[in-house]
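Residue-level structural notes
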Amino acid sequence: MKQFIFIIALLVVGTMMAQEQQESTTTYKKRVLESTEVDFLMSYYTQEGDNAAVTGGLGTEELTDLTPTIVVSIPLNDDDILTIDAGISAYSSASSSNVDPFDGAGIANPFVESSGASSNDILATFVGTYTHSSDDRNAIWSTNLAIANEYDYFSVGFGGSYTRLFNEKNTEISLKANVYLDTWNAIYPSELRDNPSFVPFDNESRNSYSVGLGFSQILSKKLQGSLSLDLIQQDGLLSTPFQRVQFTDIADQVVQEFTLGDDVERLPDTRFKIAAGGRLHYYINEIFAVRTFYRYYTDDWGINSHTASVEIPIKLTDKFTVYPSYRFYMQTAADYFAPFNQHLSTSEFYTSDFDLSDFEANQYGFGISYTDIFAKMHIWKFGLKSIDLRFRQYERDSGLSASLFSGGLNFVMD
């Protein structure tokens, strides 16, 4: 009897200890995200050049864009996070104003901005992402929904990703897939709208499907590498309806100082893209690190490109880091590209958009960041965790020049 009671007592104590251990594990399991975080982001972009596609590859490319964005990450429980990303992009474009070059007060000229309604617009975007992590944090999956709206198109997208960590989290494999369904509200150059010989697009939808594979490996205490492969299939209206083309075998029609378009750009209704790249990050010491990147891109429109970049984070103090960077890019021209007034009317496809031309580009960047993981500085109920400021200068050998100023504040809620 005493042995029976002793065994029962052991079982009860063991059960209580197991329950206590389970409750302790449940109670003190490390959360994926400890508390709500809010990012306030802002960027200002400006460019200038002389190869505007709106006017047939010759004309002002002057453009400014201001993009405020807010990103809120909310921990739903220990394992799940809801992220909401909302922003607007307000731009003013001298080139797009010339969709109708005659609606302004001055003389129509491809190098002068018209003052019409098409000179500015606002793009609104919203992305919601739900992320779940397994108890051992070795598996992460997510799903997302994206919506974007502008005066001439509407887009809805959805997708998801799955990430698996192996080898004590030293190896990571990821898979992602996304679908975007876009609808154009086609706007054509003003001189073609009432032209009886002009043929508008009969399909104003565009669908994009993408699949991405990623592999990351910690190679040593100081070296980490990763590889990526992205496949993208697009179909539908891949031309931009308001970008003009002038034909060399048709006599030019010039009104005031503006050469009228003979047609709009016409491109194939399918496009398949492949991008493969890799990164190497090397930690030199407590002050310096090196981040390198290379990507090769090809598509069935005839474009092949190479991208190479290097960034060297320099840790000035335990809170301040600077980021000098350089990026080189080169590409071949699409099969359907020709400059201003050099296409033939007998061609099936044609564009004078210099984004599809043969060019090389250099980008120089510099950034500085402030990080305080303890968020000692407070604004109301939010602790300031980090500040990030960056500048990038882009120069293309075709003459396009662009500057990008961006910054962000990361707050954590107490």
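Residues numbered from 1 in each chain as written. Predicted model: local features only at pLDDT ≥ 70, side-chain atom pairs only at ≥ 80, totals over all residues. Heavy atoms only, no water.

With that settled, the discussion passes to the nonpolar core. Counting nine residues, the largest nonpolar core is built from Leu238, Leu267, Ala275, Tyr297, Trp301, Ile303, Ala334, Tyr336 and Leu356. Not counting residues up to four positions away in its chain, the partners in contact with Tyr297 are Arg271, Lys273, Ile274, Ala275, Ile303, Asn304 and Ser305. If you look at the next biggest cluster of nonpolar residues, it comprises eight residues, including Leu192, Phe198, Leu237 and Val264. (Core = buried A, V, L, I, M, F, W, Y, C linked by side-chain atoms within 4.5 Å. Buried < 20%, exposed > 50% of the residue type's maximum accessible area, 1.4 Å probe, protein only. Contact = heavy atoms within 4.5 Å.)

Per-residue confidence for the chain averages 91 on the pLDDT scale, and 92% of its residues sit at or above 70. Confidence drops under pLDDT 50 across residues 1-27; counting only partners more than four residues distant or on other chains, this segment forms two contacts. (pLDDT = per-residue confidence, 0-100.)

Applying the stated criterion to the full structure yields 17 aromatic pairs. When the centroid spacing of 5.6 Å and the interplanar angle of 40° are considered together, the rings of Tyr329 and Phe359 count as tilted. Here the residue Tyr329 occupies a position in strand β18 (residues 320-331), and Phe359 occupies one in strand β19 (residues 359-371), the gap between them amounting to 30 residues. Neither residue differs from the other here; Tyr329 and Phe359 are each classed as buried. Ring centres of Trp380 and Phe382 lie 6.2 Å apart, and the angle between their planes is 45°; this geometry places the pair in the tilted category. Taking relative accessible area as the criterion, Trp380 reaches 69% and is therefore assigned exposed. (Phe/Tyr/Trp six-rings, centres within 6.5 Å; stacked < 30°, edge-to-face > 60°. Helix = DSSP H or I, 4+ residues; strand = E, 2+ residues; numbered from the N terminus.)

Let's shift gears to the side chain of Asn51. The residue Asn51 is located in the loop between β1 (37-48) and β2 (63-75) in this model. Take Asn51: its relative accessible area is 13%, and that puts it in the buried class. Leaving out residues up to four positions away in the same chain, Asn51 has contacts with Gly57, Leu58, Gly59, Glu61, Phe354 and Ser398.

On the surface, Tyr282, Ile284, Ile287, Phe288, Val310, Ile312, Tyr326 and Tyr364 cluster together into a nonpolar patch covering about 650 Å² of accessible area. Mapped onto the fold, Ile287 is located in the loop between β14 (270-283) and β15 (289-299). We classify Ile287 as partly exposed; its relative accessible area is 42%. (Patch = residues over 30% accessible without salt bridge, like charges linked within 9 Å, V, L, I, M, F, W, Y side chains within 5 Å. Areas by Shrake-Rupley, 256 points an atom, 1.4 Å probe, with all protein chains shown as cover. Salt bridge = Lys/Arg side-chain N within 4 Å of Asp/Glu carboxyl O.)

Take the pairing of strand β6 (residues 153-166) next. The side chains of a regular strand alternate, residue by residue, between the two faces of the sheet. Of the strand pairs in this sheet, strand β5 (residues 139-150) and β6 are connected by 12 bridges, and their pairing is antiparallel. Across the sheet, residue Trp141 finds its bridge partner in β6, namely Tyr162. The antiparallel hairpin formed by β5 and β6 contains two residues in its connecting segment. Inspection of the sheet shows β6 paired to strand β7 (residues 171-184) by 14 bridges, in the antiparallel sense. Across the sheet, Phe154 pairs through a bridge with Thr183, a residue of β7. (Pairing = 2+ DSSP bridges.)

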